[in-house]
Amino acid sequence: MGEKKAIEIDEGIVQAIEEHLSELSAGSVEEYVEAVLRERLLAEGFLSPYSPEEEKEVEQHLRDLGYLD
Amino acid sequence: MKKVAVIGLDCADPDLVEEFLPGLPTLGELIRGGSFSRLRSVDPPITVPAWMCMFTGRDPGELGVYGFRNRVDYSYAGLGVATSARFSRPTVWDELGRRGLRSILLGIPGTYPPKPVRGLLVSGFLAPSTETDYTYPASLRGKIASWVGEYMLDVRNFRTEDKGWLVEEVRRMTEQRFALARRLISEKDWDLFAMVDMGPDRIHHGLWAHHDPGHPKHDPGSPFRDAIRDYYRFLDQKIGELLSDLPEGTQVLVVSDHGAQRMEGGIGINEWLIREGYLTLKAYPEEPTRMGDLIKRGLVDWSRTVAWGEGGYYGRLFLNVKGREPQGTVPPERYEELRSELAEGLAAIPDEEGRPIGTRALRPQELYREVNGIPPDLIVYFGDLRWRSIGTVGWDRIHFHENDTGPDDANHAPHGIFIAYPKLDERRERSILEVHDLILSLMGDKYG
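Once a new chain begins, its residue numbering starts again from 1 and follows that chain's sequence as written. Naming scheme: in the order in which they are written, chains are lettered from A and ligands are numbered from 1. Under the rules for a predicted model, residues below a pLDDT of 70 receive no local features and side-chain atom pairs below 80 are neither given nor counted, while totals for whole chains, interfaces and linings still include all residues. Just so you know, side-chain values use all the structure's heavy atoms and leave hydrogens and water out.

1. Looking at the pattern of salt bridges
Residue and element names in this part refer to chain B.
Here is step 1: A side-chain nitrogen of Lys or Arg and a carboxyl oxygen of Asp or Glu constitute a salt bridge if their distance falls within 4 Å. Going through the model one piece at a time under the given rule, you end up with 37 salt bridges over all chains.
Here is step 2: Across the pair Arg262 and Glu264 runs a salt bridge, and its minimum N-O distance is 3.7 Å.
Here is step 3: On the accessibility criterion, Glu264 (25% relative accessible area) is partly exposed.
Here is step 4: Put simply, Arg304 and Asp301 hold a salt bridge, and the shortest N to O gap is 2.9 Å.
Here is step 5: Buried, partly exposed and exposed residues are distinguished by accessible area as a fraction of the type maximum, computed with a 1.4 Å probe on protein chains only: under 20%, between the cut-offs, and over 50%, respectively. Using a relative accessible area of 53% as the deciding quantity, one classes Arg304 as exposed.
Here is step 6: What makes Asp301 buried here is its relative accessible area of 14%.

2. Overview of the interface of chain B and chain A
Interfaces are often sized by the accessible area lost when the parts come together.
Here is step 1: Every residue pair with non-hydrogen atoms within 4.5 Å of one another is taken to be in contact. Tallying the contact residues gives 48 residues for chain B and 31 residues for chain A.
Here is step 2: The term buried area denotes the loss of accessible surface (1.4 Å probe radius) that occurs when two parts are joined, taken as the sum for both partners. When chain B packs against chain A, the two sides together hide about 3200 Å² of surface, and 54% of this comes from carbon and sulfur.
Here is step 3: For Glu59 of chain A, the salt bridge goes to Arg69 of chain B, with nearest N and O atoms at 3.6 Å.
Here is step 4: Residues adjacent in sequence count toward polar contacts only when both atoms are side-chain atoms; beyond that, a polar contact is any pair of N or O atoms within 3.5 Å, and within protein one must be able to donate a hydrogen and the other to accept it. Counting every contact that joins chain B to chain A gives 15 residue pairs in polar contact (both at pLDDT 80 or more).
Here is step 5: Elements with a contribution of two residues or more to the side of chain B that touches chain A: strand 4 (79-81), helix 8 (199-211) and strand 16 (387-390) of chain B.
Here is step 6: Counting from the N terminus, the helices are DSSP H or I runs at least four residues long and the strands are E runs at least two residues long. The element best represented in the side of chain B that touches chain A is strand 16 of chain B, accounting for three residues.
Here is step 7: For this classification, the nonpolar set comprises Ala, Val, Leu, Ile, Met, Phe, Trp, Tyr, Cys and Pro, the charged set comprises Asp, Glu, Lys and Arg, and every other residue, Gly included, is treated as polar. In terms of residue class, the side of chain B that touches chain A is made up of 19 nonpolar, 13 polar and 16 charged.

3. Re empty space enclosed by the protein
Over the atoms rolls a probe the size of a water molecule, and in doing so it shows where empty space is left.
Here is step 1: With a 1 Å grid laid over protein atoms only, a set of points is called a cavity when a 1.4 Å probe fits there but cannot get out and a pocket when it is open yet has protein on both sides within 12 Å along at least five of seven lines; lining residues have an atom within 4 Å of a point. Grid points are joined across faces, edges and corners, and a volume is the space filled by probe spheres set on the points. All chains considered together, the criterion is met by four cavities of 30 Å³ or more.
Here is step 2: The volume enclosed by the largest cavity comes to roughly 90 Å³.
Here is step 3: Lining the largest cavity are Met52, Ser84, Phe87, Arg89, Thr91, Trp93, Asp94, Gly110, Thr111, Lys115 and Leu121 of chain B.
Here is step 4: Considering only enclosed or pocket space, the second largest cavity measures out at about 60 Å³ in volume.
Here is step 5: Taken together, Tyr67 and Leu68 of chain A together with Ile46, Gly67, Phe68, Arg69, Gly311, Tyr314 and Arg316 of chain B make up the lining of the second largest cavity.
Here is step 6: Of the residues belonging to the lining of the second largest cavity, the class tally is five nonpolar, two polar and two charged.

4. Considerations on the sheet that holds strand 16 of chain B
Here is step 1: Strands were regarded as paired on the criterion that DSSP finds at least two bridges between them. Taken in spatial order, the three strands make up an open sheet running 16-11-17 (chain B), and their pairing is mixed. Strand pairing shows two members of the sheet lacking a second neighbour, strand 16 and strand 17 (399-400) of chain B, which therefore form its edges.

5. Examining the packing of helix 1 (residues 11-19) of chain A against helix 3 (residues 29-44) of chain A
Packed helices, taken two at a time, are described by the angle their axes make and the gap between the axes.
All names here are of chain A.
Here is step 1: In contact at an axis separation of 9 Å, helix 1 and helix 3 are set at 105° when each is read in the N-to-C sense. As far as their axial angle goes, helix 3 and helix 1 are roughly perpendicular. Across the interface between the two elements, Val14, Ile17 and Glu18 of helix 1 pack against Val29, Tyr32 and Val33 of helix 3.
Here is step 2: Within the contact of helix 1 with helix 3, the residues separate by chemical class into five nonpolar, no polar and one charged. Between N-to-C directions, angles span 0 to 180 degrees; the directions come from axes that are lines fitted to C-alpha atoms, helices contributing only their stretch in contact. For this classification, under 35 degrees means roughly parallel, over 145 means roughly antiparallel, 65 to 115 means roughly perpendicular, and everything else is oblique.

6. Brief notes about helix 6 (residues 140-148) of chain B
All names here are of chain B.
Here is step 1: Residues of helix 6 that are buried include every one of Leu140, Ile144 and Trp147, and no others. The buried residues of helix 6 occupy an angular sector of 65° when the element is viewed end-on, so they sit on one face.
Here is step 2: Where helix 6 is buried, its residues contact strand 6 (119-123), strand 7 (135-136) and helix 7 (163-187). The arc refers to the directions leading from the helix axis to the C-beta atoms.

See below:
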């Protein structure tokens, strides 16, 4: 989780999200937009799921668990 | 429309369930009034990708995910952890969401980072910590903290000789996971509820030798002799409490992704490759060193290497193919011949006494409906998974009866459990790949 930065997006999109927050299971427009963008960027490989430190920690945990060696 | 609750118990074993059944009133009632089958896992029978295979109905080849870490390219060091981004096929909750149905998903391996769902999602144990956004929606994280305190993604420092501590930690994780499950199903709308508790897996790996008289390290006087049985009883109680909160008429499925069996030892896959002349190092390490470190330090002589391996509960072998790997040596026209030679050689490795151990070396193209991503060239089950694959080098031997990563008593077995209540049918065996369609069918979709 990093610092937040304001951006501007189309009002119609914001309204649609606001009207369907319950179906989208999100608490706010920001929460939904951030989740959708994160998913997309991860799928494209433009965003890493882990920081380098986190990836090392996860790999070490997997090693400790016996899944890797 | 029927609600479906899937209670996933990682590594819960059908033989153990049957053995302990007299002391498991909840599971006993489900089995007597419902269906009980052995659930054939995928190959390899390993947590990632097995749970996602269950929930997508796709095999590892179709998903292009063959284990916790997969090759991301044909470089020698290019391995990446299989996160949710690697799973692009729709899950059962994706399909239900498109029909307007809501899911609660708790602890399913392969779901970190969390993708948006119609409902809510708490990631599995590949989330690095609860400081990350490990839930969807992200704001759920704060609610979890207020409900259960510091949420346990997993048991940390699992490799320990302090078995008393380990038993308590596993129970603490299970207690908390079921408490959170009860809170979520009681407070949130849902049509599908699916959770995975990692407790059975952790307790098997940590304490199998104490339970199994056939294990080489079994001590009949161990104070932890009944720890696994007692854990199953504890789990049974937690399942019973959860069931009491489910709405009447909910279809319950209690499933596992694979089973467990004793681990008899380990085979040094890279030590064997070195001994047989398939893998050449520039300098043999003076102390046990991971293959990945040897690669990163430039200590592999790729110009004289045919294949290298990765360790874990199963072995993965990669050929060094000309035109594919950066310094490949195996001509493509000799690929199949060398792969067969290696498969036969690996299968023939005996134990220290020269007795066969029943190793199998499997070709991905023969296992899967499709082969996507970059699979290993061979998937190796040493001793049919009674021996693990030791990837480190520097031991100057190939047989092991201790683990290179710390105490571990069990390996995975290909069959998990499948319990359905109310009863579905009398089948005694089914495939993990059927569960996805079954859930959709139970929730009103056409079967298959």
